[in-house]
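Letter by letter, the chains look like this.
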Amino acid sequence: MARIIGGIGTTHVPSIGKAIAEKKQNDPCWKPFFSGFDYVHRWLARERPDAVVVFYNDQGNFFRDKLPTFAVGAASKYRNEDGGWGISVSRAAAGDPALSWHLINALVADEFDITMCQDMLVDHAVTIPLALMWPGGRWPVRIVPVEINTVQPPLPSLARCLELGRSIGRAIASYPEDIKVLIVGTGGLSHQLDGARAGFVNKEFDQLCLDQLASEPDELVRYSIAQFVELAGAQGVEFLNWMAMRGALTGKVTQLHRNYHIPISNTAAAMVVFETARSPSRVPRSVVAAKKERPDERSEPSLA
Ligand code: DHB
């Protein structure tokens, strides 16, 4: 059966793509951001997911005049297309149609009226996080992109996005293939790109969101979209993608790593790594026996 290894939340600011292209990772202004991913690289090298479900918002690149509230890709390949950000087009990402259709069937059975896309372009909100997680080379995973409308009101609520994630989490747990799945939510945290509050960030609110996302995500549904925009900025609602990511993580969730850096472009850039507990039945017997003999030992190997 498939297993969710954990979740990653990360900003997707387009200028990261330019910084990567110009090899600015060690520049003083970029280093605090990029170094937050050193941990991610070690964790992914150890965990080796086969597939990634990416919750993201399309910004008028694919869904120009018709914007679904929720859309799920079912393609074998996703080409990148980005308009207007000045970043070069990246490689295409491999898809996983079988996993996509399993998720689509489960979502519709759970009464989510999604749009299913057998042909789908993806923008920087998908490709920048992939480039951050697997820098330099190819992306050794198949992806299922799940678009959430965070752009054009009316937006889905925080509660609905948490439930969308939960439905996908249950669907992955029932997927018969023996694969490891990583869940990713992109965008945020607080930022506003235009209007009178352009450049707005709210560090205190971001920290509260990150704390509650880890330990009590249901508490966050108390905010309406209007309240969230007031507190996090017009584009801060990209946090809906993080809510869906967290919803997909079942069982005990541990925050392994967090990085927060202000600002990148207009944005408070955050990144978290969550790990889901392994069910004991999946751990080889020899490991269980060894743990019983050493009850005080921490169960998570240190990656620091
Ligand atoms: C920026 C941030 C975003 O989340 C985005 O989608 C586009 C631009 C920015 O800060 O420049």
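Reference entry: report on the structure contained in this document. (Residues numbered from 1 in each chain as written. Predicted model: local features only at pLDDT ≥ 70, side-chain atom pairs only at ≥ 80, totals over all residues. Heavy atoms only, no water.)

## Here's the deal with the sheet that holds strand 9 (residues 253-264)
Remark on secondary structure: sheet strands pair via backbone hydrogen bonds, oriented parallel or antiparallel. For clarity, the threshold we go by: Strands were regarded as paired on the criterion that DSSP finds at least two bridges between them. Strands here are runs of E lasting at least two residues and helices are runs of H or I lasting at least four, both read from the DSSP assignment and numbered beginning at the N terminus. Axis definition: a line fitted to C-alpha atoms, limited for helices to the stretch in contact. Angles are taken between N-to-C directions and run from 0 to 180 degrees. Residue contacts are counted whenever heavy atoms from the two residues lie within 4.5 Å of one another.
Strand order in the open sheet formed by 8 strands is 6-3-7-2-8-1-10-9, and the pairing between neighbours is mixed. Unpaired on one side and paired on the other, strand 6 (115-117) and strand 9 mark the two borders of the sheet. Each strand axis lies, on average, 15° off the axis of its neighbour in the sheet, ignoring direction. Taken together, the 6 bridges between strand 2 (residues 51-56) and strand 7 (residues 142-148) define a ladder with parallel strand orientation. Across the sheet, the residue bridging to Phe55 is Val146, located in strand 7. The strands touched by helix 5 (residues 124-133) within the sheet are strand 1 (3-10), strand 2, strand 7 and strand 8 (180-186), with strand 8 carrying the most contacts at an inclination of about 120°.

## Some thoughts on the packing of helix 4 (residues 97-109) against helix 6 (residues 158-173)
Selection criterion: Oblique is the label for any angle not covered by the other classes, which are roughly parallel (under 35 degrees), roughly antiparallel (over 145) and roughly perpendicular (65 to 115). Crossings are assigned a handedness: left-handed for a near helix turned anticlockwise from the far helix by less than a right angle, right-handed for a clockwise turn. When residues are grouped by polarity, Ala, Val, Leu, Ile, Met, Phe, Trp, Tyr, Cys and Pro land in nonpolar, Asp, Glu, Lys and Arg in charged, and all others, Gly among them, in polar.
As a packed pair, helix 4 and helix 6 sit with axes 9 Å apart at the nearest point and diverge in direction by 125°. As far as their axial angle goes, helix 6 and helix 4 are oblique. In the crossing of helix 4 with helix 6, the sense of the turn from one axis to the other is right-handed. Contacts between helix 4 and helix 6 involve His102, Leu103, Ala106 and Leu107 on the former and, on the latter, Leu164, Ser167, Ile168, Ala171 and Ile172. Here the contact of helix 4 with helix 6 is built from residues that sort into 7 nonpolar, 2 polar and no charged.

## A closer look at the packing of helix 6 against helix 9 (residues 239-248)
The angle between the axes and the distance between the axes are what describe a pair of packed helices. At a minimum axis separation of 6 Å, helix 6 and helix 9 run at an interaxial angle of 35°. For the pair helix 6 and helix 9, the crossing hand works out as right-handed. In this structure, helix 6 contributes Leu158, Cys161, Leu162, Leu164, Gly165, Arg166 and Gly169 to the contact, and helix 9 contributes Phe239, Leu240, Met243, Ala244, Gly247 and Ala248. Grouping the constituent residues of the contact of helix 6 with helix 9 by class yields 9 nonpolar, 3 polar and 1 charged.

## Here we look at the pattern of salt bridges
Heads up, the condition is: Salt bridge, as used here, is a side-chain nitrogen of Lys or Arg placed within 4 Å of a carboxyl oxygen of Asp or Glu. Working definition: with a 1.4 Å probe on protein chains only, accessible area under 20% of the residue-type maximum means buried, over 50% means exposed, and in between means partly exposed.
This model, assessed by the stated rule, comprises 11 salt bridges. Residues Glu163 and Arg166 are paired through a salt bridge, measuring 3.1 Å at the closest nitrogen-oxygen approach. Placement of the pair is Glu163 and Arg166 together in helix 6, with a separation of 3 residues, close to one helical turn. What makes Arg166 partly exposed here is its relative accessible area of 23%. Salt bridges here are not isolated pairs; linked through shared partners, they connect Arg46, Glu47, Glu275 and Arg278.

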